[in-house]
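What follows is each chain in one-letter form.
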2 protein chains.
Amino acid sequence: MAESVDAPRASHPAGIDDDPAYREAVVDLLAVIAYGEISAFERLADDASLAPTLADKLDLATVASIELGKVAPLHARLRELGVDPFEAMAPFRRPIDEFHRHTAPADWYEGLVKAYVGDGLADDFYREIAAHLDPVTRDLVLSSTEEGSHAGFVVDRVRAGIAADHVLGGRLALWGRRLMGEALIQAQRIAADRDALSAMLAGGSERPGLDLAEIGRMFTRLTERHLQRMGELGLEA
Amino acid sequence: MAESVDAPRASHPAGIDDDPAYREAVVDLLAVIAYGEISAFERLADDASLAPTLADKLDLATVASIELGKVAPLHARLRELGVDPFEAMAPFRRPIDEFHRHTAPADWYEGLVKAYVGDGLADDFYREIAAHLDPVTRDLVLSSTEEGSHAGFVVDRVRAGIAADHVLGGRLALWGRRLMGEALIQAQRIAADRDALSAMLAGGSERPGLDLAEIGRMFTRLTERHLQRMGELGLEA
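Now for a quick tour of the structure. Keep in mind the model is a prediction, meaning the values are calculated, not measured.

## Focus: helix 2 (residues 54-69) of chain B
Consideration 1: Between its first and last C-alpha atoms helix 2 of chain B spans 22 Å; for 16 residues at 1.5 Å apiece the expected length is 22 Å, and the two agree.
Consideration 2: Listed in full, the buried residues belonging to helix 2 of chain B are B:Leu54, B:Asp56, B:Lys57, B:Leu58, B:Leu60, B:Ala61, B:Val63, B:Ala64, B:Ser65, B:Glu67 and B:Leu68.

This is the structure we're talking about:
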(Lines give C-alpha, C1' and ligand atoms only; values in the text may rest on other atoms or scores of the structure.)
Protein backbone atom coordinates (compact mmCIF):
# COMPACT_ATOMS: atom_id res chain seq x y z
CA MET A 1 0.00 0.00 0.00
CA ALA A 2 1.32 3.34 -1.05
CA GLU A 3 -0.85 5.31 1.31
CA SER A 4 0.57 6.50 4.52
CA VAL A 5 -1.46 5.90 7.67
CA ASP A 6 -1.86 9.62 8.03
CA ALA A 7 -3.34 10.16 4.58
CA PRO A 8 -6.85 11.56 4.72
CA ARG A 9 -9.44 8.83 4.47
CA ALA A 10 -10.34 8.63 0.79
CA SER A 11 -13.45 7.28 -0.78
CA HIS A 12 -13.26 3.70 -1.90
CA PRO A 13 -10.57 3.69 -4.56
CA ALA A 14 -11.56 0.65 -6.58
CA GLY A 15 -14.60 0.62 -8.83
CA ILE A 16 -17.46 -1.55 -7.76
CA ASP A 17 -16.76 -3.96 -10.62
CA ASP A 18 -13.21 -4.74 -9.57
CA ASP A 19 -13.92 -6.01 -6.11
CA PRO A 20 -16.62 -8.63 -5.50
CA ALA A 21 -16.42 -8.24 -1.72
CA TYR A 22 -16.89 -4.50 -1.96
CA ARG A 23 -19.75 -4.98 -4.41
CA GLU A 24 -21.44 -7.37 -1.98
CA ALA A 25 -21.03 -4.82 0.80
CA VAL A 26 -22.60 -2.09 -1.33
CA VAL A 27 -25.55 -4.33 -2.17
CA ASP A 28 -26.02 -5.01 1.54
CA LEU A 29 -25.77 -1.35 2.39
CA LEU A 30 -28.28 -0.16 -0.21
CA ALA A 31 -30.62 -3.00 0.75
CA VAL A 32 -30.51 -2.32 4.48
CA ILE A 33 -31.17 1.37 3.89
CA ALA A 34 -34.04 0.59 1.51
CA TYR A 35 -35.71 -1.84 3.90
CA GLY A 36 -35.16 0.65 6.70
CA GLU A 37 -37.07 3.27 4.70
CA ILE A 38 -39.93 0.90 3.91
CA SER A 39 -40.31 -0.03 7.55
CA ALA A 40 -39.96 3.64 8.56
CA PHE A 41 -42.89 4.37 6.25
CA GLU A 42 -44.96 1.61 7.82
CA ARG A 43 -44.21 2.67 11.34
CA LEU A 44 -44.68 6.40 10.75
CA ALA A 45 -47.94 5.84 8.86
CA ASP A 46 -49.07 3.72 11.77
CA ASP A 47 -47.97 6.28 14.37
CA ALA A 48 -49.85 8.96 12.43
CA SER A 49 -53.06 7.29 13.62
CA LEU A 50 -52.07 8.36 17.16
CA ALA A 51 -51.92 12.03 16.15
CA PRO A 52 -53.97 14.35 18.37
CA THR A 53 -55.03 16.58 15.46
CA LEU A 54 -55.56 16.18 11.76
CA ALA A 55 -52.73 18.67 11.10
CA ASP A 56 -50.34 16.52 13.15
CA LYS A 57 -51.51 13.43 11.32
CA LEU A 58 -50.86 15.05 7.97
CA ASP A 59 -47.39 16.16 9.06
CA LEU A 60 -46.36 12.69 10.17
CA ALA A 61 -47.95 11.06 7.12
CA THR A 62 -45.90 13.44 4.96
CA VAL A 63 -42.73 12.38 6.76
CA ALA A 64 -43.69 8.76 6.07
CA SER A 65 -44.13 9.49 2.36
CA ILE A 66 -40.77 11.24 2.15
CA GLU A 67 -39.07 8.15 3.62
CA LEU A 68 -40.84 5.90 1.15
CA GLY A 69 -39.78 8.11 -1.74
CA LYS A 70 -36.15 7.25 -0.99
CA VAL A 71 -36.70 3.58 -1.75
CA ALA A 72 -37.08 3.80 -5.54
CA PRO A 73 -33.56 5.17 -6.34
CA LEU A 74 -31.98 2.56 -4.04
CA HIS A 75 -33.92 -0.22 -5.74
CA ALA A 76 -33.06 1.17 -9.17
CA ARG A 77 -29.35 1.05 -8.31
CA LEU A 78 -29.64 -2.49 -6.95
CA ARG A 79 -31.29 -3.54 -10.23
CA GLU A 80 -28.47 -1.82 -12.15
CA LEU A 81 -26.08 -3.98 -10.17
CA GLY A 82 -28.03 -7.02 -11.36
CA VAL A 83 -29.59 -7.71 -7.99
CA ASP A 84 -33.23 -8.31 -7.09
CA PRO A 85 -33.96 -5.67 -4.42
CA PHE A 86 -36.36 -7.91 -2.51
CA GLU A 87 -33.83 -10.72 -2.27
CA ALA A 88 -31.18 -8.21 -1.21
CA MET A 89 -33.45 -6.79 1.51
CA ALA A 90 -34.47 -10.17 2.89
CA PRO A 91 -31.61 -10.59 5.41
CA PHE A 92 -32.40 -7.23 6.98
CA ARG A 93 -36.08 -7.72 7.59
CA ARG A 94 -35.65 -9.57 10.85
CA PRO A 95 -33.25 -7.21 12.63
CA ILE A 96 -35.15 -4.10 11.53
CA ASP A 97 -38.56 -5.60 12.34
CA GLU A 98 -37.17 -6.65 15.72
CA PHE A 99 -35.99 -3.11 16.35
CA HIS A 100 -39.49 -1.82 15.71
CA ARG A 101 -41.08 -4.60 17.73
CA HIS A 102 -38.94 -3.63 20.71
CA THR A 103 -39.54 0.08 20.26
CA ALA A 104 -43.26 0.30 19.56
CA PRO A 105 -44.28 3.79 20.74
CA ALA A 106 -46.85 3.82 23.54
CA ASP A 107 -48.19 7.19 22.49
CA TRP A 108 -47.92 10.07 20.04
CA TYR A 109 -44.88 11.63 21.75
CA GLU A 110 -42.87 8.42 21.82
CA GLY A 111 -43.63 8.10 18.11
CA LEU A 112 -42.36 11.62 17.45
CA VAL A 113 -39.16 11.09 19.43
CA LYS A 114 -38.58 7.82 17.66
CA ALA A 115 -39.04 9.46 14.26
CA TYR A 116 -36.53 12.15 15.19
CA VAL A 117 -33.96 10.30 17.25
CA GLY A 118 -34.14 6.88 15.60
CA ASP A 119 -34.05 8.07 12.02
CA GLY A 120 -31.41 10.66 12.89
CA LEU A 121 -29.18 7.99 14.36
CA ALA A 122 -29.55 5.71 11.34
CA ASP A 123 -28.87 8.60 8.97
CA ASP A 124 -25.75 9.63 10.89
CA PHE A 125 -24.48 6.07 10.76
CA TYR A 126 -25.01 5.81 6.99
CA ARG A 127 -23.34 9.17 6.46
CA GLU A 128 -20.31 7.96 8.39
CA ILE A 129 -20.13 4.90 6.17
CA ALA A 130 -20.64 7.03 3.05
CA ALA A 131 -17.19 8.56 3.49
CA HIS A 132 -15.70 5.18 2.61
CA LEU A 133 -17.65 4.54 -0.57
CA ASP A 134 -17.15 5.05 -4.29
CA PRO A 135 -18.70 8.32 -5.51
CA VAL A 136 -21.82 6.84 -7.13
CA THR A 137 -22.77 4.86 -4.04
CA ARG A 138 -21.80 7.71 -1.75
CA ASP A 139 -24.08 10.20 -3.50
CA LEU A 140 -26.94 7.74 -3.41
CA VAL A 141 -26.45 7.03 0.29
CA LEU A 142 -26.16 10.71 1.13
CA SER A 143 -29.32 11.61 -0.75
CA SER A 144 -31.12 8.80 1.10
CA THR A 145 -30.16 10.29 4.43
CA GLU A 146 -31.15 13.88 3.79
CA GLU A 147 -33.28 15.16 6.57
CA GLY A 148 -36.58 16.38 5.37
CA SER A 149 -38.22 19.55 6.60
CA HIS A 150 -39.94 17.50 9.30
CA ALA A 151 -37.24 18.15 11.89
CA GLY A 152 -38.72 21.47 12.99
CA PHE A 153 -42.19 20.05 13.25
CA VAL A 154 -41.10 17.29 15.65
CA VAL A 155 -38.99 19.62 17.78
CA ASP A 156 -41.87 22.07 18.20
CA ARG A 157 -44.38 19.40 19.13
CA VAL A 158 -42.15 17.61 21.63
CA ARG A 159 -41.01 20.82 23.32
CA ALA A 160 -44.60 21.98 23.66
CA GLY A 161 -45.59 18.61 25.13
CA ILE A 162 -42.81 18.69 27.72
CA ALA A 163 -43.61 22.28 28.66
CA ALA A 164 -47.19 21.24 29.36
CA ASP A 165 -46.31 18.05 31.23
CA HIS A 166 -43.06 17.77 33.12
CA VAL A 167 -43.38 14.03 33.76
CA LEU A 168 -43.45 13.51 30.01
CA GLY A 169 -39.91 14.90 29.72
CA GLY A 170 -38.52 12.26 32.08
CA ARG A 171 -40.34 9.46 30.33
CA LEU A 172 -39.19 10.59 26.87
CA ALA A 173 -35.59 10.94 28.07
CA LEU A 174 -35.63 7.27 29.09
CA TRP A 175 -37.31 6.41 25.83
CA GLY A 176 -34.51 8.09 23.85
CA ARG A 177 -31.93 6.05 25.73
CA ARG A 178 -33.83 2.88 24.99
CA LEU A 179 -33.98 3.72 21.27
CA MET A 180 -30.20 4.15 21.23
CA GLY A 181 -29.71 0.83 23.03
CA GLU A 182 -32.02 -1.13 20.77
CA ALA A 183 -30.46 0.43 17.66
CA LEU A 184 -27.01 -0.69 18.82
CA ILE A 185 -28.24 -4.22 19.54
CA GLN A 186 -29.64 -4.60 16.03
CA ALA A 187 -26.67 -2.89 14.35
CA GLN A 188 -24.46 -5.36 16.19
CA ARG A 189 -26.54 -8.24 14.90
CA ILE A 190 -26.31 -6.98 11.33
CA ALA A 191 -22.55 -6.52 11.63
CA ALA A 192 -22.22 -10.07 12.98
CA ASP A 193 -24.35 -11.58 10.20
CA ARG A 194 -23.12 -9.65 7.20
CA ASP A 195 -19.44 -10.30 6.68
CA ALA A 196 -19.02 -8.17 3.58
CA LEU A 197 -20.54 -5.14 5.24
CA SER A 198 -18.38 -5.31 8.33
CA ALA A 199 -15.32 -6.19 6.25
CA MET A 200 -15.89 -3.01 4.24
CA LEU A 201 -15.82 -0.98 7.42
CA ALA A 202 -12.78 -2.82 8.72
CA GLY A 203 -10.97 -2.52 5.39
CA GLY A 204 -8.55 -5.11 4.03
CA SER A 205 -5.12 -5.61 2.59
CA GLU A 206 -5.95 -3.72 -0.60
CA ARG A 207 -8.10 -0.90 0.63
CA PRO A 208 -8.30 1.40 3.60
CA GLY A 209 -10.78 0.68 6.33
CA LEU A 210 -11.42 1.77 9.85
CA ASP A 211 -9.10 0.59 12.57
CA LEU A 212 -10.42 0.06 16.07
CA ALA A 213 -9.51 3.57 17.15
CA GLU A 214 -11.40 5.02 14.22
CA ILE A 215 -14.44 2.89 14.93
CA GLY A 216 -14.29 4.16 18.48
CA ARG A 217 -14.16 7.75 17.26
CA MET A 218 -17.08 7.10 14.94
CA PHE A 219 -19.20 5.84 17.83
CA THR A 220 -18.18 8.86 19.87
CA ARG A 221 -19.40 11.12 17.06
CA LEU A 222 -22.66 9.16 16.74
CA THR A 223 -23.25 9.42 20.47
CA GLU A 224 -22.51 13.13 20.49
CA ARG A 225 -24.98 13.73 17.69
CA HIS A 226 -27.55 11.63 19.56
CA LEU A 227 -27.10 13.72 22.71
CA GLN A 228 -27.36 16.85 20.62
CA ARG A 229 -30.66 15.70 19.12
CA MET A 230 -32.04 14.83 22.54
CA GLY A 231 -31.05 18.33 23.65
CA GLU A 232 -32.82 19.88 20.66
CA LEU A 233 -35.98 18.11 21.79
CA GLY A 234 -35.45 19.51 25.30
CA LEU A 235 -34.64 16.10 26.74
CA GLU A 236 -31.90 15.03 29.13
CA ALA A 237 -30.00 12.16 27.58
CA MET B 1 -79.83 34.56 -19.38
CA ALA B 2 -78.46 34.92 -22.87
CA GLU B 3 -77.47 31.27 -23.19
CA SER B 4 -79.72 28.91 -25.02
CA VAL B 5 -80.51 25.61 -23.34
CA ASP B 6 -78.65 23.86 -26.10
CA ALA B 7 -75.41 25.78 -25.65
CA PRO B 8 -72.51 23.51 -24.75
CA ARG B 9 -71.92 23.36 -21.04
CA ALA B 10 -69.28 25.97 -20.31
CA SER B 11 -66.93 26.18 -17.39
CA HIS B 12 -68.07 28.45 -14.60
CA PRO B 13 -68.26 31.87 -16.22
CA ALA B 14 -67.85 34.09 -13.19
CA GLY B 15 -64.53 34.46 -11.41
CA ILE B 16 -64.33 33.00 -7.94
CA ASP B 17 -64.21 36.51 -6.46
CA ASP B 18 -67.51 37.64 -7.95
CA ASP B 19 -69.71 34.98 -6.46
CA PRO B 20 -69.58 34.14 -2.73
CA ALA B 21 -71.78 31.06 -3.13
CA TYR B 22 -69.56 29.68 -5.86
CA ARG B 23 -66.49 30.46 -3.80
CA GLU B 24 -67.97 28.55 -0.86
CA ALA B 25 -68.69 25.61 -3.12
CA VAL B 26 -65.10 25.60 -4.41
CA VAL B 27 -63.75 25.66 -0.86
CA ASP B 28 -65.98 22.69 -0.01
CA LEU B 29 -64.91 20.83 -3.10
CA LEU B 30 -61.16 21.29 -2.56
CA ALA B 31 -61.57 20.42 1.11
CA VAL B 32 -63.55 17.23 0.53
CA ILE B 33 -61.03 16.07 -2.07
CA ALA B 34 -58.11 16.89 0.26
CA TYR B 35 -59.60 15.04 3.22
CA GLY B 36 -60.45 12.17 0.90
CA GLU B 37 -56.78 11.93 -0.07
CA ILE B 38 -55.57 12.05 3.53
CA SER B 39 -57.93 9.29 4.52
CA ALA B 40 -57.04 7.33 1.38
CA PHE B 41 -53.42 7.52 2.53
CA GLU B 42 -54.33 6.25 5.99
CA ARG B 43 -56.41 3.42 4.69
CA LEU B 44 -53.95 2.31 1.99
CA ALA B 45 -51.00 2.49 4.37
CA ASP B 46 -53.01 0.38 6.77
CA ASP B 47 -54.06 -2.10 4.07
CA ALA B 48 -50.41 -2.40 3.03
CA SER B 49 -49.83 -4.27 6.28
CA LEU B 50 -52.07 -7.04 4.87
CA ALA B 51 -49.83 -7.49 1.83
CA PRO B 52 -48.74 -11.08 1.20
CA THR B 53 -45.26 -10.05 0.02
CA LEU B 54 -42.88 -7.17 0.63
CA ALA B 55 -43.13 -6.20 -3.06
CA ASP B 56 -46.93 -5.95 -2.75
CA LYS B 57 -46.55 -3.92 0.42
CA LEU B 58 -44.19 -1.50 -1.28
CA ASP B 59 -46.56 -1.12 -4.25
CA LEU B 60 -49.55 -0.28 -2.06
CA ALA B 61 -47.48 2.01 0.17
CA THR B 62 -46.38 3.85 -2.98
CA VAL B 63 -50.01 4.30 -4.02
CA ALA B 64 -50.71 5.70 -0.54
CA SER B 65 -47.86 8.21 -0.88
CA ILE B 66 -49.09 9.35 -4.30
CA GLU B 67 -52.53 10.08 -2.82
CA LEU B 68 -50.97 12.04 0.03
CA GLY B 69 -48.88 14.06 -2.39
CA LYS B 70 -52.08 15.49 -3.86
CA VAL B 71 -53.02 17.17 -0.58
CA ALA B 72 -50.41 19.95 -0.56
CA PRO B 73 -51.56 21.77 -3.76
CA LEU B 74 -55.19 21.61 -2.60
CA HIS B 75 -54.25 23.06 0.79
CA ALA B 76 -52.10 25.72 -0.88
CA ARG B 77 -55.06 26.84 -2.98
CA LEU B 78 -57.37 26.89 0.06
CA ARG B 79 -54.86 29.12 1.85
CA GLU B 80 -54.71 31.38 -1.23
CA LEU B 81 -58.46 31.70 -0.89
CA GLY B 82 -57.93 32.83 2.70
CA VAL B 83 -59.26 29.63 4.22
CA ASP B 84 -57.74 27.38 6.87
CA PRO B 85 -57.58 23.94 5.20
CA PHE B 86 -58.24 22.08 8.43
CA GLU B 87 -61.37 24.08 9.19
CA ALA B 88 -62.52 23.59 5.63
CA MET B 89 -61.99 19.83 5.84
CA ALA B 90 -63.76 19.44 9.19
CA PRO B 91 -67.32 18.95 7.82
CA PHE B 92 -66.15 16.09 5.62
CA ARG B 93 -64.37 14.02 8.20
CA ARG B 94 -67.48 12.27 9.46
CA PRO B 95 -68.95 11.15 6.13
CA ILE B 96 -65.59 10.02 4.77
CA ASP B 97 -64.58 8.28 8.00
CA GLU B 98 -68.00 6.60 8.04
CA PHE B 99 -67.45 5.40 4.50
CA HIS B 100 -64.19 3.77 5.54
CA ARG B 101 -65.69 2.38 8.73
CA HIS B 102 -68.39 0.66 6.70
CA THR B 103 -65.98 -0.60 4.07
CA ALA B 104 -63.04 -1.88 6.11
CA PRO B 105 -61.43 -4.56 3.92
CA ALA B 106 -61.44 -8.03 5.45
CA ASP B 107 -58.33 -9.04 3.52
CA TRP B 108 -55.70 -7.98 1.04
CA TYR B 109 -57.92 -8.47 -2.02
CA GLU B 110 -60.78 -6.43 -0.64
CA GLY B 111 -58.26 -3.68 0.05
CA LEU B 112 -57.00 -3.81 -3.54
CA VAL B 113 -60.51 -3.70 -5.01
CA LYS B 114 -61.38 -0.81 -2.73
CA ALA B 115 -58.27 1.11 -3.80
CA TYR B 116 -59.16 0.59 -7.45
CA VAL B 117 -62.94 0.82 -7.48
CA GLY B 118 -63.48 3.30 -4.64
CA ASP B 119 -60.82 5.78 -5.68
CA GLY B 120 -61.83 5.39 -9.32
CA LEU B 121 -65.43 6.24 -8.47
CA ALA B 122 -64.47 9.31 -6.45
CA ASP B 123 -62.12 10.49 -9.20
CA ASP B 124 -64.80 10.07 -11.88
CA PHE B 125 -67.23 12.07 -9.79
CA TYR B 126 -64.77 14.92 -9.27
CA ARG B 127 -63.94 14.93 -12.97
CA GLU B 128 -67.64 15.26 -13.79
CA ILE B 129 -67.87 18.24 -11.46
CA ALA B 130 -64.67 19.74 -12.88
CA ALA B 131 -66.46 20.48 -16.16
CA HIS B 132 -68.49 23.12 -14.33
CA LEU B 133 -65.61 24.95 -12.67
CA ASP B 134 -63.48 27.98 -13.39
CA PRO B 135 -60.20 27.05 -15.14
CA VAL B 136 -57.91 27.39 -12.09
CA THR B 137 -60.08 25.17 -9.92
CA ARG B 138 -60.73 22.77 -12.77
CA ASP B 139 -57.04 22.19 -13.43
CA LEU B 140 -56.39 21.63 -9.75
CA VAL B 141 -59.25 19.15 -9.44
CA LEU B 142 -58.21 17.30 -12.58
CA SER B 143 -54.61 16.98 -11.41
CA SER B 144 -55.88 15.64 -8.07
CA THR B 145 -57.78 12.89 -9.83
CA GLU B 146 -55.06 11.65 -12.10
CA GLU B 147 -54.71 7.95 -11.85
CA GLY B 148 -51.26 6.91 -10.86
CA SER B 149 -49.44 4.04 -12.44
CA HIS B 150 -50.90 1.75 -9.80
CA ALA B 151 -53.88 0.73 -11.89
CA GLY B 152 -52.01 -2.03 -13.66
CA PHE B 153 -50.59 -3.39 -10.45
CA VAL B 154 -54.04 -3.80 -8.86
CA VAL B 155 -55.58 -5.34 -11.97
CA ASP B 156 -52.81 -7.94 -12.23
CA ARG B 157 -52.99 -8.91 -8.57
CA VAL B 158 -56.79 -9.22 -8.45
CA ARG B 159 -57.00 -11.17 -11.70
CA ALA B 160 -54.33 -13.59 -10.49
CA GLY B 161 -56.17 -14.00 -7.19
CA ILE B 162 -59.46 -14.81 -8.90
CA ALA B 163 -57.82 -17.23 -11.30
CA ALA B 164 -56.39 -19.13 -8.33
CA ASP B 165 -59.60 -19.09 -6.28
CA HIS B 166 -62.96 -18.95 -7.98
CA VAL B 167 -64.91 -18.28 -4.79
CA LEU B 168 -62.88 -15.11 -4.34
CA GLY B 169 -64.34 -13.70 -7.57
CA GLY B 170 -67.88 -13.97 -6.25
CA ARG B 171 -67.00 -12.42 -2.93
CA LEU B 172 -65.14 -9.51 -4.54
CA ALA B 173 -68.04 -8.88 -6.95
CA LEU B 174 -70.38 -8.41 -3.98
CA TRP B 175 -67.74 -6.26 -2.30
CA GLY B 176 -67.56 -3.96 -5.33
CA ARG B 177 -71.33 -3.51 -5.23
CA ARG B 178 -71.17 -2.67 -1.55
CA LEU B 179 -68.45 -0.07 -2.15
CA MET B 180 -70.66 1.61 -4.74
CA GLY B 181 -73.64 1.60 -2.37
CA GLU B 182 -71.71 3.02 0.58
CA ALA B 183 -70.14 5.69 -1.62
CA LEU B 184 -73.59 6.81 -2.77
CA ILE B 185 -74.90 6.92 0.81
CA GLN B 186 -72.08 9.21 1.91
CA ALA B 187 -72.19 11.35 -1.24
CA GLN B 188 -75.90 11.83 -0.56
CA ARG B 189 -75.15 12.91 2.98
CA ILE B 190 -72.56 15.43 1.82
CA ALA B 191 -74.97 16.82 -0.78
CA ALA B 192 -77.66 17.17 1.89
CA ASP B 193 -75.34 18.93 4.35
CA ARG B 194 -73.43 21.22 2.04
CA ASP B 195 -75.81 23.61 0.36
CA ALA B 196 -73.22 25.55 -1.61
CA LEU B 197 -71.80 22.39 -3.12
CA SER B 198 -75.14 21.01 -4.25
CA ALA B 199 -76.28 24.45 -5.37
CA MET B 200 -73.21 24.65 -7.59
CA LEU B 201 -74.19 21.40 -9.25
CA ALA B 202 -77.82 22.46 -9.56
CA GLY B 203 -76.86 25.88 -10.90
CA GLY B 204 -78.82 29.07 -10.25
CA SER B 205 -80.42 32.05 -11.89
CA GLU B 206 -77.08 33.52 -12.95
CA ARG B 207 -75.10 30.50 -13.95
CA PRO B 208 -75.70 27.20 -15.64
CA GLY B 209 -76.02 24.08 -13.56
CA LEU B 210 -77.18 20.54 -14.04
CA ASP B 211 -80.87 19.89 -14.43
CA LEU B 212 -82.33 16.64 -13.20
CA ALA B 213 -81.93 14.96 -16.56
CA GLU B 214 -78.26 15.89 -16.64
CA ILE B 215 -77.71 14.64 -13.12
CA GLY B 216 -79.35 11.40 -14.21
CA ARG B 217 -77.01 11.15 -17.19
CA MET B 218 -74.04 11.86 -14.95
CA PHE B 219 -74.97 8.97 -12.66
CA THR B 220 -75.42 6.74 -15.66
CA ARG B 221 -71.89 7.61 -16.78
CA LEU B 222 -70.50 7.01 -13.28
CA THR B 223 -72.23 3.63 -13.10
CA GLU B 224 -70.95 2.65 -16.53
CA ARG B 225 -67.40 3.51 -15.56
CA HIS B 226 -67.82 1.53 -12.33
CA LEU B 227 -69.01 -1.53 -14.27
CA GLN B 228 -66.10 -1.10 -16.64
CA ARG B 229 -63.62 -1.06 -13.75
CA MET B 230 -65.18 -4.15 -12.22
CA GLY B 231 -64.83 -5.81 -15.62
CA GLU B 232 -61.16 -4.82 -15.83
CA LEU B 233 -60.64 -6.61 -12.52
CA GLY B 234 -62.39 -9.67 -13.93
CA LEU B 235 -65.41 -9.23 -11.66
CA GLU B 236 -69.11 -9.44 -12.42
CA ALA B 237 -70.78 -6.26 -11.26
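## Remarks on the environment of A:Arg178
Consideration 1: Relative to the helices and strands, A:Arg178 is located in helix 8 (residues 166-193).
Consideration 2: The exposure class assigned to A:Arg178 is partly exposed, which follows from its relative accessible area of 42%.

## Examining the interface of chain B and chain A
Consideration 1: The interface of chain B with chain A comprises 19 residues on the first partner and 19 residues on the second.
Consideration 2: When the buried area of chain B at its contact with chain A is split by residue, B:Leu54, B:Leu58 and B:Phe86 rank highest and sum to 35% of it.
Consideration 3: Scanning the region where chain B abuts chain A turns up two salt bridges.
Consideration 4: Among the ionic pairs, A:Glu42 bridges to B:Lys57, the shortest N-O distance being 3.0 Å.
Consideration 5: Taken together, the links from chain B to chain A amount to three residue pairs in polar contact (both at pLDDT 80 or more).

## A word on the relation of the copies chain B and chain A
Consideration 1: If you rotate chain B by 180° and push it 0.0 Å along the axis, it lands on chain A with an RMSD of 0.0 Å. The superposition operator between the copies reduces to a two-fold rotation axis. Taking the C-alpha atom as reference, chain B places B:Ser65 closest to the rotation axis, 2.6 Å from it.
Consideration 2: When you check the interface residues of chain B against chain A, 100% turn up at the interface there too, and the contact is symmetric in its surfaces.

## Overview of the side chain of B:Asp123
Consideration 1: Note that B:Asp123 resides in helix 5 (residues 108-130).
Consideration 2: With sequence-adjacent residues up to four places away left out, B:Asp123 is seen in contact with B:Ser144 and B:Thr145.

Conventions used here
- Residues numbered from 1 in each chain as written.
- Chains lettered and ligands numbered in written order.
- Predicted model: local features only at pLDDT ≥ 70, side-chain atom pairs only at ≥ 80, totals over all residues.
- Heavy atoms only, no water.
- Helix = DSSP H or I, 4+ residues; strand = E, 2+ residues; numbered from the N terminus.
- Expected span 1.5 Å × (residues − 1).
- Buried < 20%, exposed > 50% of the residue type's maximum accessible area, 1.4 Å probe, protein only.
- Contact = heavy atoms within 4.5 Å.
- Buried area = accessible area lost by both parts, 1.4 Å probe.
- Salt bridge = Lys/Arg side-chain N within 4 Å of Asp/Glu carboxyl O.
- Polar contact = N/O pair within 3.5 Å; in protein donor to acceptor, adjacent residues only side chain to side chain.
- Least-squares fit on C-alpha atoms with pLDDT ≥ 70 in both.

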